Amino acid sequence: MKKFLSMFKKNKATGKRNTYLIMGTIITGLIVIIVLVGLFYTPYSPTKMDSSAKLQGFSFKHIMGTDHMGRDVFSRVVYGSRITLAIATFTVLIGAGLGTIIGAITGYFGGILDEFTMRVVDAMLAFPSILLSLVFVSLFGTGTYQVAIALGISFVPSFARIVRGEVLRCKNMDYVEVARLQGVSDLRIIFVHILPNITGVLVSTIMIGFNNAVLAEAGLSFLGIGSQPPYASLGNMLSDAQSYLFSRPSYVLGIGATIVLMVLGFSFLSEGMKRWK
Amino acid sequence: MEIILDVTDLHIEFHDHDKPETVVEDFDLMLEKGEIVGIVGESGSGKSMSALAIAGLLKRHALTKNGRIMFDGHDLLTCDRDILRSYQGDEISMIFQEPMTSLNPVKKIGWQVEESLRIHHKDMDKKERKRRAIEMMTSVGLREPEKVYNMYPHELSGGMRQRIMIAAAMIGEPKILIADEPTTALDVTIQAQIVELLRKLNKEKGTAIIFISHDLSLIRQLCQRVIVMQAGNIVETGKVEDIFRAPQMAYTRKLIAAIPQIDL
Amino acid sequence: MRYIMKKVLSMALTLFVVSICVFFAFSLIPGDPVTRMFGTQATPELIEQYRQKMGLNDPLIVRYFRWFTSFIQGDFGTSYDYKVPVAGMIAEKIPITLTLAIMSFVMMVIISIPIGIYTAKHENGIADHILTVINQIIMAIPPFFSGIIMTFIFGIVFKLFKPGGFVSYTKDFWGFIEYLILPAVAIALPKAAMATKLLRGSVIDEAAKDYTRTAYSRGNTTNGVLYLHVLKNAMIPVITFMGMALADMVAGSIVIEQVFGIPGISRILLTSINNRDYPVVETIIMGIATMVLVINLLVDIIYRIIDPRIEVED
Amino acid sequence: MGSDKVIQIKNLNVFYKNHKKSPLSKDRKVHVLKGVDLDVYEGEILGLAGESGCGKSTLAKAIVGMNKDFTGEIIQKYQDAQMVFQDPYSSLNPSKKIGWLLAEPLKVDKTKKWTKEEIDAKVKEIIKAIGLTENMLGRYPDQLSGGQRQRVSIGVALMRSPKVLIADEPVSALDVTIQAQILELLQNLHKEYGITILFISHDLRVIYQICDHVAVMRGGIIEEYGAPKEVYKNPKCDYTKELLVSAGIK
């Protein structure tokens, strides 16, 4: 944590600030705060229809306008962001958690297990990620939880690959040999000696994971897979809004911009954290 | 003797950080035609930086260079980039410490050996270039040069790659060869062969050599004159035998003392 | 040649493994296909009769080999919903999706390579900074959103094309290509941004290596070093990325076909997933898997041509 | 005889498997050590000389048990040999402080349970023995110079007071003046703790300076063995001669 905070200060050697990290923190922070506040308060109920106020443009009353059923788009976006973020978090938790364990163990021990696992991982990685999630969705079903699990599993291979690569790199360092000579147990070497050296890469990968998870969830729900109306997630709402592109073009903007900002926040954070040591 | 290179008051400063950092201060060097001069020093002494500056290979941003490097009537520090380039690889060549990484991994050996000819002798035809390359590769002691000509760097050992580097550097018959720790990454027996090769080329082609090393005993084997550097400054300079017999400065004495003595 | 043979063999092996995974995954899902076919009209006798007819009572292994052998002979089974052969259903859709993917790929290559080289060459210049930020933003815009925006700008404001006015390639080939331009741009943009970023980084990394210093020492100009020495090395990771991007684009077109109302394989795939029409889903997945593997094979061959070190490592 | 030998190596053969990259390619075995016989005597510094690829590091790894895939015999009087590596930059974990690195060998010691006070005392003893000060304990490896790092590496190896220390090219990556200091440190520790040292180096001069015996290796075989002074004066095999000439000694 201390290290994280110190990254906001000017770099002593180069005199530069980590702009990406600052921008990423501001954007992501803002979205997270709005979503958290949205747990207790939104300007309108996201499901309350008002037939007298259909498809209104941006105004002070409705900052993102209203939709085709007269619901307040901003309130719906806050609600949809909550679903998107929740699924993304779940996805990254599964992906990073399982991926780190699989990658660390196969990378460290090597052998047949490693060769087999990596074949499977490579085969999965070669598949386009959206297709992979579609395969799992068609196996598990199309509900919110199913989508979260499907996305989570499809994220495991990339985490496993990256962690394995890092562990392999560290494993060949002499300090691991030294530890082995002293009789340090394998698990202690993996988790106490090696893992602290790859936190930088891991944290940055997790942020990229969020970035990809938000994109993937939005894509799937745009296709109508995932949480169902009236509690729609962002992609779903965007798909609805597209039908009204003629009558109220600005309808898509609020929703689309939210997705872009959410992704941008995470991608900035990841860029910034690549400089984490 | 004819002076072919005259470096005076060379001063190099890096500006990567807030505070400028001086890496070379008041470096002087007069190189006579056909002689071998050694520059010795530990890491951070500025020996490689001086060499890179002479070869015109220090990157142009984030640093300042002062002083003069006179070659062929031009100051290489201030002259036009095109003039500098016309000397690089043709009149002034350089070989480096890491033969494993100094060659382009995806280009054939022959292509890399001929490169200087392609750049500086545009009228030369392909056949002649190849003939010269094979000839040069033979004279640096490569067996089967025809075969090596079509190989890639990863197929060769470290010693062979350093020979290739030397062949590529010498193909334009330069006046000056700058060798930056050319044997440090090699085994002792290979090291001795490379040193022998450099001595032979110096004799046959009359190329002057600036030989940079951290190893005083190696300098003693090859060079006539030596410049001792420490922390960017020249500590002492003179004939190799004089310096070994009667080192003037404390640092030189320390360097000599660090060589384990063998009395058989 | 031996290298290619080896890769083809390994590709066939992978495809075999994928087919096993796909078949067993879809066979293990709860729910009986016959019940699924007849819905509420299903009587136990009818179900049993069809189970016999379709060979569903045979052991899984037998069914797998039956499925696999007919699959490689081009018989992909019959759709539960439409009761027609799957092959016929998707045959005319594939060229549409494939054209879209290839157009996006060409655009990505055309955009990313010059910009990547330019920004790397002028590292830390003003243009580099601006392009890097733009890049970062473009990467964050999902194709379905940029597709909608483009529909609005070019379709509704400037009326340069008619949204939803897709023409099939059988009727008007150039009209078909014209309609696909905007969708292809939408797919290509984020990939091009990523490729640009990767190429820029790769060129900068390679330019810091020892051999570039050697190249300068022989009197090369900056452009000489860049184009004769650095670029070939720098392309190696970019080619891997582009191969994966091409595969991604085939899948990415699924979403974008929805945005632009293009009747490619996406609509069939989505309805089949929603309706659990497994023969169709299996076929499309196997089709895309085969394509992905063929792309990988091509990437491996290009690799082998560019990087002479590969043979030794193998 | 016999009892004063800390390590006896008899007809040691080591094969390296070239790890296969795909199931379609064949395993290739490389014969790295070809019947090595070597005795290491208690309290001596034995120099192992040779060029890269001659098998000297392989021999070291076999002795400390990092490579168990060998035929022949390795008899050790004490089973506690520790090792110091060449590269002072990769042999210290960059994410740990010096104090932690020194304490780790005691924390994982299976033969004895160390209390916190005992560990602290031992760490302080060793940091002094390797010529560093206690304020270094709170630093990270990247805040140290190459020579200081190599001192710490030696310190880590000494924490459990081993009777045998194997030093694999411990000074090759260092500047000459630093090299001299580390050699002096090794000699001092040798005297003070009575440790037997197997000193691996490609540098015949360094071996001459500190070793009691020297074994010259080439291609997995020990070509020559003896006291450095004798071997250097009257080298019996051509290879030793070539090495001596190359190094400018003869």
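Before reading on, note that the structure itself is shown above.
Residues numbered from 1 in each chain as written. Chains lettered and ligands numbered in written order. Predicted model: local features only at pLDDT ≥ 70, side-chain atom pairs only at ≥ 80, totals over all residues. Heavy atoms only, no water.

### Overview of the overall build of chain D
Then comes step 1: Within chain D, the regular secondary structure consists of eight helices and nine strands.
Then comes step 2: Here the C-alpha atoms of chain D give a radius of gyration of 19 Å, agreeing with the 18 Å that 2.2 N^0.38 yields for 250 residues.
Then comes step 3: Taken over the C-alpha atoms alone, chain D extends approximately 55 × 50 × 40 Å along its principal axes.
Then comes step 4: Scored against the burial criterion, the 250 residues of chain D give a buried share of 54%.
Then comes step 5: Within chain D, contacts between residues at least 6 apart in sequence are counted, and of these 68% link residues at least 24 apart.
Then comes step 6: Between the mean site of the 36 positive side-chain charges and the mean site of the 31 negative ones, chain D shows a separation of 4 Å. (Helix = DSSP H or I, 4+ residues; strand = E, 2+ residues; numbered from the N terminus. Rg over C-alpha atoms; globule rule 2.2 N^0.38 Å. Buried < 20%, exposed > 50% of the residue type's maximum accessible area, 1.4 Å probe, protein only. Contact = heavy atoms within 4.5 Å. Lys, Arg positive; Asp, Glu negative; His and termini not counted. Charge placed at Lys NZ, Arg CZ, Asp CG, Glu CD.)

### A closer look at the pattern of salt bridges
Then comes step 1: This model, assessed by the stated rule, comprises 36 salt bridges over all chains.
Then comes step 2: In this structure, the salt-bridge partner of arginine 188 of chain A is glutamate 104 of chain D, at a minimum N-O distance of 2.7 Å. Residue arginine 188 of chain A is found in helix H8 (residues 186-222), and its partner glutamate 104 of chain D is found in helix H2 (residues 98-107); the two belong to separate chains.
Then comes step 3: Taking relative accessible area as the criterion, glutamate 104 of chain D reaches 1% and is therefore assigned buried.
Then comes step 4: Residues glutamate 115 of chain B and arginine 218 of chain C are paired through a salt bridge, measuring 3.2 Å at the closest nitrogen-oxygen approach. (Salt bridge = Lys/Arg side-chain N within 4 Å of Asp/Glu carboxyl O.)

### Here we look at the environment of lysine 236 of chain D
Residues and elements named next belong to chain D.
Then comes step 1: By secondary structure assignment, the location of lysine 236 is in the loop between helix H7 (228-233) and helix H8 (238-246).
Then comes step 2: Assessed through its relative accessible area of 72%, lysine 236 is described here as exposed.
Then comes step 3: Sequence-wise, lysine 236 and glutamate 223 are 13 residues apart; in three dimensions their C-alpha atoms are separated by 8.9 Å.

### Side note on the interface of chain D and chain A
Accessible area lost during the coming together of the parts is what is often quoted as the interface size.
Then comes step 1: Facing 24 residues of chain D, the contacting portion of chain A comprises 16 residues.
Then comes step 2: Summed over the shared surface of chain D and chain A, the number is one salt bridge.
Then comes step 3: The interface formed by chain D and chain A includes ten residue pairs in polar contact (both at pLDDT 80 or more).
Then comes step 4: At the level of secondary structure, the elements contributing two or more residues to the side of chain D that touches chain A comprise helix H1 (56-64), strand S5 (82-84) and H2 of chain D.
Then comes step 5: A per-element tally of the side of chain D that touches chain A places H2 of chain D first, with four residues. (Polar contact = N/O pair within 3.5 Å; in protein donor to acceptor, adjacent residues only side chain to side chain.)

### So, the pairing of strand S3 (residues 36-40) of chain B
All names here are of chain B.
Then comes step 1: Taking burial as the measure, the five residues of S3 include five buried ones, the bulk of the element.
Then comes step 2: Burial of S3 is two-sided: the residues Ile36, Gly38 and Val40 facing one way and the residues Val37 and Ile39 facing the other way are all buried.
Then comes step 3: Relative to strand S8 (residues 208-213), S3 is paired through five bridges, and the arrangement is parallel. Looking across to S8, one finds that glycine 38 is bridged to phenylalanine 211. (Pairing = 2+ DSSP bridges.)

### Quick look at the state of the cysteines
Then comes step 1: Using the criterion set out here, one finds zero disulfides over all chains in the structure.
Then comes step 2: Here cysteine 54 of chain D is not disulfide-linked; the sulfur of cysteine 237 of chain D is the nearest cysteine sulfur, at 12 Å. (Disulfide = S-S within 2.5 Å.)

### Notes on a negative patch on the surface
All names here are of chain B.
Then comes step 1: On the surface, Asp9, Glu25, Asp26 and Asp28 cluster together into a patch of negative charge.
Then comes step 2: Here the negative patch takes three residues from strand S2 (residues 21-32), the largest share from any one element.
Then comes step 3: With respect to the helices and strands, aspartate 9 occurs in strand S1 (residues 3-14). (Patch = residues over 30% accessible without salt bridge, like charges linked within 9 Å, V, L, I, M, F, W, Y side chains within 5 Å. Areas by Shrake-Rupley, 256 points an atom, 1.4 Å probe, with all protein chains shown as cover.)

### Some remarks on the side chain of serine 270 of chain A
Then comes step 1: With respect to the element layout, serine 270 of chain A can be found in helix H10 (residues 250-273).
Then comes step 2: Dropping the residues within four chain positions of it, serine 270 of chain A is found in contact with Ser204, Met207 and Ile208 of chain A.

### Considerations on unusual backbone geometry
Then comes step 1: Located in the positive-phi region is aspartate 9 of chain B, a residue other than glycine, with phi close to 50°.
Then comes step 2: Aspartate 9 of chain B sits in the partly exposed class, given a relative accessible area of 44%.

### Describing the interface of chain C and chain A
Then comes step 1: Counting residues at the interface gives 42 residues for chain C and 40 residues for chain A.
Then comes step 2: Of the roughly 3300 Å² buried between chain C and chain A, counting both surfaces, carbon and sulfur atoms make up 79%.
Then comes step 3: Where chain C packs against chain A, one counts one salt bridge.
Then comes step 4: Between lysine 197 of chain C and glutamate 271 of chain A there is a salt bridge whose closest N-O contact spans 2.4 Å.
Then comes step 5: Across the chain C-chain A interface, the total number found is two residue pairs in polar contact (both at pLDDT 80 or more).
Then comes step 6: Looking at the side of chain C that touches chain A, the elements that each hand over two or more residues are helix H1 (2-28), helix H7 (126-140), helix H8 (143-157), helix H11 (222-260), helix H12 (265-275) and helix H13 (278-306) of chain C.
Then comes step 7: In terms of residue count, H11 of chain C provides more of the side of chain C that touches chain A than any other element does, nine residues in total.
Then comes step 8: A breakdown of the residues in the side of chain C that touches chain A according to their chemical character gives 31 nonpolar, eight polar and three charged. (Buried area = accessible area lost by both parts, 1.4 Å probe. Nonpolar A, V, L, I, M, F, W, Y, C, P; charged D, E, K, R; others polar.)

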